[in-house]
Amino acid sequence: MPYDLLKEGDEYTADSLNARFTQAVAAVNVVGIDAIQEGSLGVVNLADGVSPAVLPTQYTIFQTNSPRPYTNLYPGWNTDIYDEAGAGDGPYWTVAKTLGGALLRFLFPDMKLGMDQESRTAGLLVKASLERVISVPDADDSINPDLQAEASVRIALMVLLEIGPEGGPFVDTWALLPHTDRGLATDVVFRYVDDDQGSPQHNTAVIDSHASIDVATFITKADTGDGVTIKGVQVVCSMQLPAGLVTAEWYYETKNGDISVLPLHMSGAP
Amino acid sequence: MTTLVIKNTFAPGETVSAERVSENFSKQTDLGDADTLSDVLNGGLEQENYPFQVDADLIQPFALVQGHAVGGSNSLDYFSEVFGKSIMDAQGVQAVQALVAKPTGPWVSVPGLGQRVYVPTDNATLYIMWSIDWTNDGIYWSDNNPTRPPNWEQAPGASDIGTKKDQASAFQLFVDDEQIPGMRRVLPGTVVEDYRFNPPALAKNEYSNFYAHGDVQQVWTGCLPVQGVAKGWHTVSLRLQAHYRIKQTRVRSRNLRVIVFR
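The residue count restarts for each chain, going from 1 along the sequence in the order it is written. Here chains are named by letter from A upward and ligands by number from 1 upward, in the order in which they appear as written. This being a predicted model, a pLDDT of at least 70 is required before a residue's local features are given, and a value of 80 or more before pairs of side-chain atoms are given or counted; all residues contribute to the totals for chains, interfaces and linings. Note: side-chain values were computed over all heavy atoms of the structure, leaving out hydrogens and water.

(A) Local environment of the overall build of chain A. Secondary structure counts use DSSP, requiring at least four H or I residues in a row for a helix and at least two E residues in a row for a strand, with both numbered from the N terminus. Looking only at helices and strands, chain A features two helices and 11 strands. Listed N to C, the secondary structure of chain A is α-β-β-β-β-β-β-β-β-β-α-β-β in terms of helices and strands. Buried residues in chain A amount to 54% of all 270 residues. Whether two residues touch is decided by their heavy atoms; if any such pair falls within 4.5 Å, the residues are in contact. Intrachain contacts of chain A at a sequence separation of at least 6 include 78% that bridge at least 24 residues. Buried residues are those whose accessible area, probed at 1.4 Å on protein chains only, stays under 20% of the maximum for their type, while exposed residues exceed 50% and partly exposed ones sit between those limits.

Below you can see the structure in the form of C-alpha cells.
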C-alpha cells in the first residue's frame, strides 16, 4: 500500500491528513477478488455460519415435564387441517403445547429463504421431539375380543407462509410439511379372561407407553416456494387409532419436548 | 473489491482530536457498524465491505464449522448397584421427570455418550445431536394391579400418567455439567405385572404374573443448539439414571455428535 510520508517542513493540515486516509482507503478498495487465494480465508476473516439475525433470541423452545392430554385424531397423510387457535382439543392436528399453554412454535421476522435473498439464509435446520405417552381405555365393550391393534401418536412440522394469488392479497397460512409426518405405535391387546368367579371379564391390557418421537428436516425454498415469505414453524401432533375405535377414552399426552431452528448460510446454495 | 468508506474527514481549522483520527483506524473506539482501515486490512469481512458470495474453496478447512463425534455399538449393562437408592425410589417415573439433582448425584456417564469439545472462538453455536437405544428389566405395574396408588385411574384430562410407582430408567442431557430442561426421556419398566390376568383369590404374593408388553425399549434421537458459547473447553454428555430396583439397564447403540459453528 503506498503512503506518502509527511516530510520535515511539510504542512500538517486537514487536507494533508484527509489525503492520506483517502489514499489508504483507495488502496484497500482496489484489491480485487482474484487476490484471494484458495483456502486463504480463515476464522478471523469470516462471519458466523449461522444467521443469528433471523431469529430473535433463541434457537430452541422447550416443553418440560408438562403432561397434557389430547384426544385429537390424525386426519390422514398429507392433510393439514388443524386447530388453528392453538387451544388444544381440536379435532385433527393440534399444535403441541405445554400444560400452561405455551406452544412449541417459532415465529420469526418475515424472510424469504435463499442465499440470493436479503436474509442470506439457505435454509432452516429444524429438529423437533416429543415424549409421548399413550393411554387406552381400561375396558370397552365396543371392542372386539381378542383384537390386537396398534395406536400411535403422530407428529409433523408446519410452516407459516404468506401465500395467495399472484399479486396478492396474501394470507398467513400454516402449511403441513408432509415429509415430516411420522408416528410411533404401541401394541394394544384386548381379550376376555375368566376371573374364576364365574363371570368372564372384558379386559384391556392397559399400557401407558412412553416413547420419543423425533423429526428433523432442512427447510429450503423448495419447501416454501421461491420468493414466498416464511414467518414461523411449529410442531403439531395427533393420535391414530385402530379402525373403528373413536372414543374419548383414548388419549395421549406429551411430556418433554422441544423444537429447535437453526438458520444456516450455505455456499453454493441458490 | 471492498467498499470501505472512511469514518472521519477533517475540516480546515478543526482541532484534530486523537479519538477522531483513531476512529479511522480501529473499531476499538466504538465505531458501531462502520468499517475501519485496520479491520479490513486484518481480514474482518462483512456483508458491507465484501459484497459477493464467498465460495467454499476460498475457506480454510474447519474455519466455519468443526465436528466431533463419539459412539458405540456394543451393549453396556448397568446394574442396580451403580445408582444406589436414588430419589426414584419414592415416586417412580414422576420423580424422574421432576428430578433436578446435582450432576454428581445418581446420574451416570455412559461411554459413547459424552465428549469434551474445544470451542476456538467466543460466541459460538454448538449443535448437539445424539441417538440412544436402551432398555431395562424393571417392572411396570399396570392399571390392573392392586398395588397401584389410589389415584391410578382418572378421566382423560386429569390423567396421572407418570405417577405410578414404576421402575424407570432415564437419560438426561448435560452441557457443562448442567441439566438442560426438557432434554430427558424416560423408559418405564418393560415387564408388566397385571393382576387381572390371574386368579384374584390368591394371596398377593401369588398372583404375580409377568409378561412382556408395552415399551420394550426406547430410542431417542435428539438435538440441541446452544448459543453464545464462550471460547474454551466444554463438556457435553447424556447420563443415565435408573430406579434402584431395576436389576439391569442395557444401553445399546448410541452416538453423540457436536458441531461447532463459530
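(B) Main features of the overall build of chain B. Looking only at helices and strands, chain B has four helices and 12 strands in total. Within chain B, buried positions represent 50% of all 262 residues. Within chain B, contacts between residues at least 6 apart in sequence are counted, and of these 79% link residues at least 24 apart. Just so you have it, chain B exposes about 11,900 Å², and 52% of that area is on carbon and sulfur atoms. Where accessible areas are quoted, they stem from the Shrake-Rupley method and a 1.4 Å probe; at the residue level, only the protein chains shown are allowed to cover.

(C) Seen up close, helix α1 (residues 14-29) of chain A. With 16 residues, α1(A) ought to run about 22 Å at 1.5 Å a step, and its terminal C-alpha atoms sit 22 Å apart, in line with that. Restricting attention to buried positions, one finds in α1(A) the residues A:A14, A:S16, A:L17, A:N18, A:R20, A:F21, A:A24, A:V25, A:A27 and A:V28. By this rule, a helix spans an expected 1.5 Å times one less than how many residues it contains.

(D) Structural detail: the sheet that holds strand β3 (residues 108-119) of chain B. Residues and elements named next belong to chain B. We call two strands paired when DSSP finds no fewer than two bridges between them. Pairing within the open sheet is antiparallel, and its four strands lie in the order β3-β11-β6-β7. Lying at the two open borders of the sheet, with one neighbouring strand each, are β3 and β7 (178-188). Geometrically, the sheet is characterised by an average inter-axis angle of 15° between neighbouring strands, direction not taken into account. As judged from the eight bridges shared by β3 and strand β11 (residues 232-242), these two strands associate in the antiparallel manner. Pairing of Q115 across the sheet is with V236, part of β11. Between N-to-C directions, angles span 0 to 180 degrees; the directions come from axes that are lines fitted to C-alpha atoms, helices contributing only their stretch in contact.

(E) Expanded view of the environment of A:G32. All names here are of chain A. For G32, the position within the fold is in the loop between α1 and β1 (60-63). Under the relative-accessibility criterion, G32 is labelled partly exposed at 30%. The spacing of G32 and V228 is 196 residues in sequence and 35 Å in space, taken between C-alpha atoms.

(F) Seen up close, the environment of A:D223. All names here are of chain A. Tracing the sequence through the fold places D223 in helix α2 (residues 221-224). With a relative accessible area of 28%, D223 lands in the partly exposed category. Remark: the alpha-carbon pair of D223 and Y3, spanning 220 residues in sequence, is separated by 53 Å. Among all residues touching D223, those that are not within four sequence positions of it are L177, H179 and F218.

(G) Region of interest: a nonpolar patch on the surface. Any residue with relative accessible area above 30% and no salt bridge may belong to a patch, with like charges joined within 9 Å and the nonpolar Val, Leu, Ile, Met, Phe, Trp and Tyr side chains within 5 Å. Definition used for salt bridges: Asp or Glu carboxyl oxygen within 4 Å of a side-chain nitrogen of Lys or Arg. There is a patch of nonpolar side chains on the surface, built from A:L6, A:Y12 and B:V16 and spanning about 280 Å² of accessible area. Within the secondary structure, B:V16 sits in the segment before α1 (18-23). B:V16 gets classed as partly exposed once you look at its relative accessible area, which sits at 39%.

(H) The packing of aromatic side chains, seen in detail. Only the six-membered ring of Trp is used, alongside the rings of Phe and Tyr, when aromatic pairs are assigned; centres must lie within 6.5 Å, and planes under 30 degrees apart are stacked while those over 60 apart are edge-to-face, with the rest tilted. Scanning all chains against the criterion turns up six aromatic pairs over all chains. For a ring to carry a charge above it, either NZ of a lysine or CZ of an arginine must fall within 6 Å of the ring centroid while also lying within 35 degrees of the normal to the ring plane. The ring of A:Y74 carries the charged tip of A:R154 above its face, separated from the ring centre by 4.6 Å. Positioned above the aromatic ring of B:F174 is the side chain of B:R239, whose terminal nitrogen or guanidinium carbon lies 4.2 Å from the ring centre.

(I) Geometry of the environment of A:V25. Relative to the helices and strands, A:V25 is located in helix α1. Those residues in contact with A:V25, other than ones at most four positions away along the chain, are B:L4, B:I6 and B:L37.

(J) Quick look at unusual backbone geometry. Residue and element names in this part refer to chain B. Even without being glycine, N123 reaches a positive phi, approximately 55°. Its place among the elements puts N123 in the loop between β3 and β4 (124-136). Residue class for N123 comes out exposed when judged on its relative accessible area of 56%.

(K) How the structure looks around the state of the cysteines. We call a pair of cysteine sulfur atoms a disulfide when they lie within 2.5 Å. Enumeration over the complete set of coordinates arrives at zero disulfides over all chains. A:C237 carries a free sulfur, and the closest cysteine sulfur to it, the one in B:C223, is 18 Å from it. When its relative accessible area of 0% is taken as the criterion, A:C237 is described as buried. Of the residues examined, B:C223 reaches a relative accessible area of 2% and is grouped as buried.

(L) Region of the structure containing the nonpolar core. We call a set of buried Ala, Val, Leu, Ile, Met, Phe, Trp, Tyr and Cys residues a nonpolar core when their side-chain atoms join them within 4.5 Å. Core analysis: the biggest nonpolar cluster contains 33 residues, and A:L124, A:I219, A:I230, A:V233, A:V235 and A:I259 have the highest contact counts within it. Mapped onto this core, the elements with two or more residues apiece are β4 (105-112), β5 (123-135), β6 (148-163), β7 (171-194), β9 (209-219), β10 (229-240) and β11 (251-264) of chain A. Broken down by element, the residue count for this core peaks at six residues, all from β6(A). If sequence neighbours within four positions are ignored, A:I219 has contacts with A:L113, A:A122, A:G123, A:L124, A:V126, A:V159, A:L177, A:T224, A:I230 and A:V233. Membership of the second largest hydrophobic core comes to 32 residues, among which are B:L76, B:A124, B:I128 and B:L256.

(M) Quick peek at the side chain of A:N18. Within the secondary structure, A:N18 is located in helix α1. Ignoring sequence-local partners within four residues, the contact set of A:N18 consists of B:T9 and B:F10.

(N) Quick look at the confidence of the model for chain A. Residue-level confidence of the predictor is what pLDDT reports, using numbers from 0 through 100. The pLDDT averaged across chain A works out to 76; a share of 70% of its residues lies at or above 70. Here strand β8 (residues 200-204) of chain A is the element of chain A with the lowest mean pLDDT, 47, and α2(A) is the one with the highest, 92.

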